[in-house]
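Working through the structure, step by step
Now for the letters of each chain:
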Amino acid sequence: MSDGDPSAATAAGGDREAEIDTAGAAADATDRRRLGAVVLAVLISQVLLYPGVPDLVVALGAPAGIDAGMWFLVAEFGAFVTFAVVWGALSDALGTRVPLIVTGALGGAASYVALASLPGLGLGFGAALLVRVVGGALTIGAFSLSITLLMDLRGGNGRNMGTAGFAIGLGAAVGSVVGGSLAGLGALYPVYAGAVVLAAAGLLAATVDDRRRTAAANNSEASDSGASDSASETDGGGFRDVLARARTTPGLLVPLAFGFVDRLTAGFFALVGVYYFQDPATFGLSAAGAGATLALFFVPFALLQSPFGALSDRIGRFLPVVAGSLAYGVATVGVGVAPAYPIAAALMVLVGVCGALMAPATMALVTDLVEPEVRGAAMGLFNVFGSLGFLAGFLVGGSATGAFGYTPAFLAVGGLELAIALALLPAVRSLSPGAGVIGRLGAEG
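Residues numbered from 1 in each chain as written. Predicted model: local features only at pLDDT ≥ 70, side-chain atom pairs only at ≥ 80, totals over all residues. Heavy atoms only, no water.

Glancing now at the overall build of the chain. Helix and strand counts for the chain come out as 19 helices and zero strands. Within the chain, buried positions represent 53% of all 445 residues. Taking as baseline every contact in the chain between residues at least 6 positions apart, the subset at least 24 positions apart corresponds to 85%. Here the chain displays about 16,900 Å² of accessible surface, and carbon together with sulfur accounts for 68% of that area. (Helix = DSSP H or I, 4+ residues; strand = E, 2+ residues; numbered from the N terminus. Buried < 20%, exposed > 50% of the residue type's maximum accessible area, 1.4 Å probe, protein only. Contact = heavy atoms within 4.5 Å. Areas by Shrake-Rupley, 256 points an atom, 1.4 Å probe, with all protein chains shown as cover.)

Here it is, written out as structure tokens:
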């Protein structure tokens, strides 16, 4: 009676493994939705302010004009650049992400409340910029680590990054439309709304399974010595590991470069686009109209992220990244030279489609190239380059527009996107030569 049927035991073990895999996939799907919702909320809170920036900076004590709006956005993104990798490396070192996400979101909400309180306290625009720096340092933790936690899930890097991209695009779309409407009611209304949305993001993040911590615990149970090795790898060294790899593996610099220029263009639209569409000398839209126009970009950008991300898993990253970037650059130039608003609006839709094609594939390249132990620092580094791109978009866009006007500014930014895509085409081909018929056709040139 002690001898059992080996085949039956094997079958039972297989059934248990299948049940575990099914349960794990279901848990991943649930957390993927929740993390997508967190990223969505963070983006809504951020973009709510953009359509009303011209009036908001005046309410905060600044003179009217694009310069004040530029520095208002630069202050936040300067903090993004400084603290994105700090949060990522900290999460790798601690072996946990969720508590840091919650801290960043709730802290960002508090900074929005503080910002809205400044006019009543009689404090000037300098104090507003300082609050923006503090808020940016906190908010980037919630944003970057939520995407990093998505990277930790199974189901395909393109699919996971497609979820992030969908949330980013939809959040920007909702934020631009709602923010424009709220700005029509009062300059500070979008700020209060942003605080509520960020607080909700923090509460939702608290319900997510902290897979980074779980993985670390499993490793420690497997082997004491293995745990020591893992600790030595992640304890404060994640960012150093990524920087070392970036120096020794040029391939990692490719998605970083695309992330930089893609977000440079997005930053350009966030600042210059708002003033461009509201300027009486161009189209003369209201804040609500400018917000709705930005949504023409963000809606297709959001809706197509997930299918295009999954597509890049099947055919490789080459065509989505290179073809998407080339078309994106051409469409961006077109918006700046459009002779009538309907043409500009149609081109904004095309910009969104092209952005959706390239964005998840670019983020997935980061996941393809780094080990799980340094994903937090890697995504932090990617967000540093992206935030530097936003900063460049604000500074270059604002300065070029002030000096030369809207059309030369659009030509410069769109031309830069084209130049990067052409220059890095061979590098993308070598990193991701393509799969399937479509992928092979693109990779073979």
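Below, the discussion takes up the nonpolar core. Membership of the largest hydrophobic core comes to 114 residues, with the highest contact counts inside it found for F72, V335 and F394. Element by element, the count of residues in this core is highest for helix α15 (residues 341-369), at 13 residues. Ignoring sequence-local partners within four residues, the contact set of F72 consists of L49, V53, L56, V57, L60, L115, F125, L129 and R132. The next biggest cluster of nonpolar side chains, apart from the first, holds eight residues, and it includes F318, A361, A421 and V428. (Core = buried A, V, L, I, M, F, W, Y, C linked by side-chain atoms within 4.5 Å.)

Once that is clear, we can look at the confidence of the model for the chain. Note: predicted coordinates in regions of low pLDDT should not be interpreted at a detailed level. Taken as a whole, the chain shows an average pLDDT of 81; of its residues, 80% reach a score of 70 or greater. Averaged pLDDT values over the elements of the chain bottom out at 36 in helix α9 (residues 224-234) and peak at 96 in helix α7 (residues 189-205). Between residues 213-237, whose pLDDT stays under 50, and residues either more than four places distant or in other chains, the model counts 16 contacts. Every residue in residues 435-443 is under pLDDT 50, and counting partners more than four places away or in other chains gives 17 contacts. (pLDDT = per-residue confidence, 0-100.)

Glancing now at the pattern of salt bridges. Inspection of the entire model under this criterion finds three salt bridges. The residue R132 makes a salt bridge to E76 at a minimum N-O spacing of 3.2 Å. Here R132 is found in helix α5 (residues 125-151), whereas its partner E76 is found in helix α3 (residues 66-94), with 56 residues between them in sequence. Classification of E76 by relative accessible area gives buried; the value is 3%. Among the ionic pairs, R317 bridges to D313, the shortest N-O distance being 3.0 Å. When its relative accessible area of 6% is taken as the criterion, R317 is described as buried. (Salt bridge = Lys/Arg side-chain N within 4 Å of Asp/Glu carboxyl O.)

A few words on the packing of α3 against helix α4 (residues 98-121). Running from amino to carboxyl end, α3 crosses α4 at an angle of 160°, the nearest separation of the two axes being 12 Å. The angle between α3 and α4 falls in the class roughly antiparallel. Judged by the twist between their axes, the crossing of α3 over α4 is right-handed. Contacts between α3 and α4 involve F72, E76, W87, L90 and S91 from the former and L100, T103, G104, Y112 and L115 from the latter. Of the residues that constitute the contact of α3 with α4, the class distribution is six nonpolar, three polar and one charged. (Axes fitted to C-alpha atoms, helices over the stretch in contact; angles between N-to-C directions. Parallel < 35°, antiparallel > 145°, perpendicular 65-115°, else oblique. Left-handed = near helix turned anticlockwise from the far one by under 90°. Nonpolar A, V, L, I, M, F, W, Y, C, P; charged D, E, K, R; others polar.)

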